[in-house]
Amino acid sequence: MSSTGTEDLEAFRRRARDFARANLGPASARTAAGALRNDRTDEEELAEVAREREVQRMLFDAGLAGICFPTEYGGQGLTLAHQRALNEELAGYEFPTRFQAPTLSPCAAVLLDFGTEEQKRRHIPAILKGEELWMQFLSEPSGGSDVAGALTSAVRDGDEWVLNGSKIWTTGAWWSDWGLCLARTNWDVPKHRGLTVFIFPIRQEGIDVHRIEMLNGSKEFCQEFMTDVRVPDSDRVGDVDDGWTVGTRWMFHERMLTNSPLVTVPVGFGHGGTGVSSLVAIGARDAGRLSEPVVRDLVGEARMLDIADRELRHRVGQGIATGVMVDQSAALTRLFSGVTATRIRTIGFEVVGTAGAAWTDEDGQLAHSADDYLMRQVSQIGGGTTEMARNVVSERVLGMPRERSLDRDVPFRDVPRGRPSSRS
Amino acid sequence: MLLALSSDQELFRETTAKLLDELVPVGELRRLREDADGFGTGYWRRGADLGWTSLLVGEHHGGGSISGAGLVDLALVAYEFGRHAAPGPLAVTNIVAATLDEAGGDRFDGVIKELLSGEAVATWGLAEAPPNDGLDSVLLDVRVEGDEVVLNGVKRPVESGGRADYLLVSGRTGSGLSQVLVPARTAGVSVSPMHSVDVTRRFSVVAFDDVRVPLDLVVGEPGAAAGQVELQAGRAVAIGCAEAVGAMQTAFDLTVEWAFDRYSFGRPLASYQELKHRFADMLSWLEASHAVSDAATAALASGSADAAELLSVAKAFIGDYGGELMQDCVQMHGGIGVTFEHDLHLYLRRHTLNRAIYGTPAEHRARLADIVEEQEGLA
Ligand SMILES: Cc1cc2nc3c(=O)[nH]c(=O)nc-3n(C[C@H](O)[C@H](O)[C@H](O)COP(=O)(O)OP(=O)(O)OC[C@H]3O[C@@H](n4cnc5c(N)ncnc54)[C@H](O)[C@@H]3O)c2cc1C
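For clarity, every value in this text was computed on a predicted model and none was experimentally measured.

Thresholds, definitions, all that
- Residues numbered from 1 in each chain as written.
- Chains lettered and ligands numbered in written order.
- Predicted model: local features only at pLDDT ≥ 70, side-chain atom pairs only at ≥ 80, totals over all residues.
- Heavy atoms only, no water.
- Helix = DSSP H or I, 4+ residues; strand = E, 2+ residues; numbered from the N terminus.
- Rg over C-alpha atoms; globule rule 2.2 N^0.38 Å.
- Buried < 20%, exposed > 50% of the residue type's maximum accessible area, 1.4 Å probe, protein only.
- Contact = heavy atoms within 4.5 Å.
- Areas by Shrake-Rupley, 256 points an atom, 1.4 Å probe, with all protein chains shown as cover.
- Lys, Arg positive; Asp, Glu negative; His and termini not counted.
- Charge placed at Lys NZ, Arg CZ, Asp CG, Glu CD.
- Pairing = 2+ DSSP bridges.
- Expected span 1.5 Å × (residues − 1).
- Axes fitted to C-alpha atoms, helices over the stretch in contact; angles between N-to-C directions.
- Parallel < 35°, antiparallel > 145°, perpendicular 65-115°, else oblique.
- Nonpolar A, V, L, I, M, F, W, Y, C, P; charged D, E, K, R; others polar.
- Disulfide = S-S within 2.5 Å.
- Salt bridge = Lys/Arg side-chain N within 4 Å of Asp/Glu carboxyl O.

An account of the overall build of chain B is requested, with residue identities and associated values reported.
Per the secondary structure count, chain B includes eleven helices and nine strands. For chain B, the C-alpha radius of gyration of 21 Å lies close to 21 Å, the compact-globule estimate for 379 residues. Taking the principal axes of the C-alpha coordinates as reference, chain B spans close to 80 × 55 × 40 Å. Counting only residues that meet the buried cut, chain B has 58% of its 379 residues in that class. Excluding contacts between residues fewer than 6 apart, the proportion of contacts in chain B whose partners are at least 24 apart in sequence is 75%. A total of about 14300 Å² of accessible surface is found on chain B, and carbon and sulfur atoms cover 51% of it. Side chains of chain B carry 30 positive and 54 negative charges; the gap between the two charge centres is 6 Å.

Structure below.
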């Protein structure tokens, strides 16, 4: 410990390194890819979830969980530099991916910003100990981009609220514990002024979790139907009808994605390390095409994009932390990551040749390239679409005129709505 | 450009920007279009007084950096050069000064002094006629004969070849590389001007026909200069990228301003979602270009192991994505964007020049593939 009470960075790094060596297994190639693949049974999925809870607990016990969370809520109260050092030391090891987004950010981040003292004391240590996995209950069948257009209703009943409606596209809600939910509490004011945020356990009577098959066969997507779900007023986050104040920060945390200081992302993990472009090269090698000049050009491009994405995230993270950039600049990284990830998936598909269309179980990395390609757009949809990020960048960062909207100054109940979707 | 500058760096950057505003406003750049050298001696000396040529040189030779990392400071100058599309052989003079400084001894003290004061200009001849204009194909012959070396071959494009007082020439001695500092007026050196895409940066074909110079003008050991050449190329990439990002920044700023001022159908261009979204993409490329340029410069300055990878990322990314940004700025200007009268092309030209020298984006992607292959043990 230095005189200021902050652990010396090098000592911290050594501590993290020793912990990882002694306790953690290697990262799987699947983890490195950071892709939503359809390659496990439910039992295997649940076993992984259980292992991640265990690893999160080990990190907590070793004083390596919640690096930038305040100590009074079980965090370490350290700096972004410490978080980065941890990210470096965990490179190549298994780590609790499911606890990062959305549990630690945006969910825990929103609790830190707006939660009551009691909420923070109850949930943040539990999250850091691996006891609570959280989901964002934001998107609805009627629309996800227009988040403030939520139709899920919450009606006050004494000290409780009664929620009805449906949330959708939550990834992994079937094995998660708590939900952070945006609901409508007032239909007679314009849309942004009638929202309130609540938290509640997902596994309870009144919440029906349905699983949705994704185009590649994965069943991680879920839809929740809420019928007369009772939430005590003490589980309200922020003021009544002031949910958009919470929502705005919530979106900010969401766009920060893996750039958030609250999140652990081992170097080389998923997109934004060099992990994905390495997998592209391994795919090309497995297909026997790595020596072809055209393939080498694509492999070089993939690596270029991986590193550009990483460096952009460092820059924007630093810019926001130091106030040189407005918070909304987080949309720049969201946009860039999304677009480059889809490009890298396309390259990964291209370099394996026909094995991208038909493969055997023995084909190694080749076997995944079609799956990853088919699911390519996930990186431009999940976490808010890249189109919405472009709106934010142009309007909030560059100050360009807002798009015309027909729902600004009218009571929400009078806002025109499209035809109900098949899932409403 | 770096997000966080020290106050000394910020002062230095600002002083450089002011000097460029004063000495080379766009009107002056247009006038220099007809100038054989593309810049004036007075201008170059003023910059040298500020420190433009001394940042990579050690203090014992009269140089010195602002921050302790001279290349990082020089990148600030280069960035302002790009923002202003400024003239002058910034990269090559600094690269030669640094190599002479690092060569040790006192043989080059006089030359270094002249370069630092701006009295003399030096350039570097690396590339040769196509197809030997890539990073790794040096053919010019350097032969040791007693206490002399003899040079035969042709270098092109050589920046400011017609104006330079000293030519640092990279050549081949057997299977190794050699570097020789050839005074421009040595017998057998002939220089002929080339056409260039830039308004003020000049390039030449420099031919060496049995050029003889004393052996002590070999910088380092004959046949052992590969490391020097690699480092010089790295510096050229770092400086060129910082400059390219500066040019992108100005083009982007000009285009944002235009989008607010220009109306069609009763609305500013900036109100059309189609264009807003393209601006968002461009800003993400611009900020990513800043990020990779700064990361590469810092890595090379500190001798970090990933410097080669980051330099190739920066050169490839800024070349490709910056080129798209530049051309989309032209597109959003409409007809005025393709005129000589509008300033946009000054920055487009600067970016275009830097994209093609010291390795094209494709060449650097190929280098990245080599690096990935090696890192992953796939070779
Ligand atoms: C893998 C994955 C995980 C997800 N996890 C969660 C989760 O945990 N919790 C959660 O709540 N949601 C989650 N989502 C949902 C996601 O946030 C939404 O899908 C997304 O916000 C888009 O909403 P939507 O699907 O309703 O499409 P819509 O909003 O209907 O949009 C359809 C298309 O129109 C475009 N569009 C819409 N409005 C505009 C506009 N104003 N300007 C320009 N273009 C526009 C969109 O960009 C999109 O291309 C997840 C999605 C994916 C793919």
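Talk me through the pairing of strand 7 (residues 203-214) of chain B; I want residue IDs and the actual numbers.
Residue and element names in this part refer to chain B. Pairing of strand 3 (residues 148-159) with strand 7 involves nine bridges; the strand directions are antiparallel. Residue Lys155 lies in a different strand from strand 7, and its bridge partner there is Val206. In terms of strand pairing, strand 6 (residues 189-193) meets strand 7 through five bridges, oriented antiparallel. Within strand 7, the residue paired with Pro193 across the bridge is Ser204.

Residue-level account of helix 5 (residues 90-102) of chain B, with values.
Residue and element names in this part refer to chain B. When the terminal C-alpha atoms of helix 5 are compared, their 18 Å separation across 13 residues agrees well with the 18 Å that a helix rising 1.5 Å per residue should span. Extensive coverage of helix 5 is indicated by the burial of twelve of its 13 residues. Those residues of helix 5 not exposed but buried are Leu90, Ala91, Val92, Thr93, Asn94, Ile95, Val96, Ala97, Ala98, Thr99, Leu100 and Asp101. Positive phi appears at Gly104, one or two residues downstream of helix 5, with a value of about 80°.

Lay out the packing of helix 8 (residues 275-286) of chain A against helix 10 (residues 330-351) of chain A with the relevant residues and their values.
The relative placement of two packed helices comes down to the angle between their axes together with the axis-to-axis distance. Residue and element names in this part refer to chain A. Where helix 8 contacts helix 10, the axes come no closer than 8 Å and their chain directions differ by 10°. Here helix 8 is positioned roughly parallel relative to helix 10, judged by the angle of their axes. Across from Val276, Val280 and Ala284 in helix 8, the residues of helix 10 making contact are Ile344, Arg345, Ile347, Gly348 and Val351. Partitioned by chemical class, the residues of the contact of helix 8 with helix 10 number six nonpolar, one polar and one charged.

Describe the state of the cysteines, with residues and values.
Two cysteines, two sulfur atoms, one covalent bond between them: this is a disulfide. All names here are of chain A. All told, the structure shown has zero disulfides over all chains when counted by the stated rule. Free cysteine: Cys222, not disulfide-bonded; nearest cysteine sulfur from Cys107 at 14 Å. For Cys222, a relative accessible area of 0% translates into the label buried.

Could you give me a rundown of the pattern of salt bridges, with the residues and numbers involved?
Within this structure, the stated rule accounts for 70 salt bridges over all chains. Arg343(A) is the salt-bridge partner of Glu301(A), the closest N and O atoms lying 2.7 Å from each other. In this pair, Glu301(A) sits in helix 9 (residues 293-321) while Arg343(A) sits in helix 10, placing the two residues 42 residues apart along the sequence. Owing to a relative accessible area of 32%, Arg343(A) belongs among the partly exposed residues under this scheme. The salt bridge partner of Arg350(B) is Asp198(B), with a shortest N-O separation of 2.8 Å.

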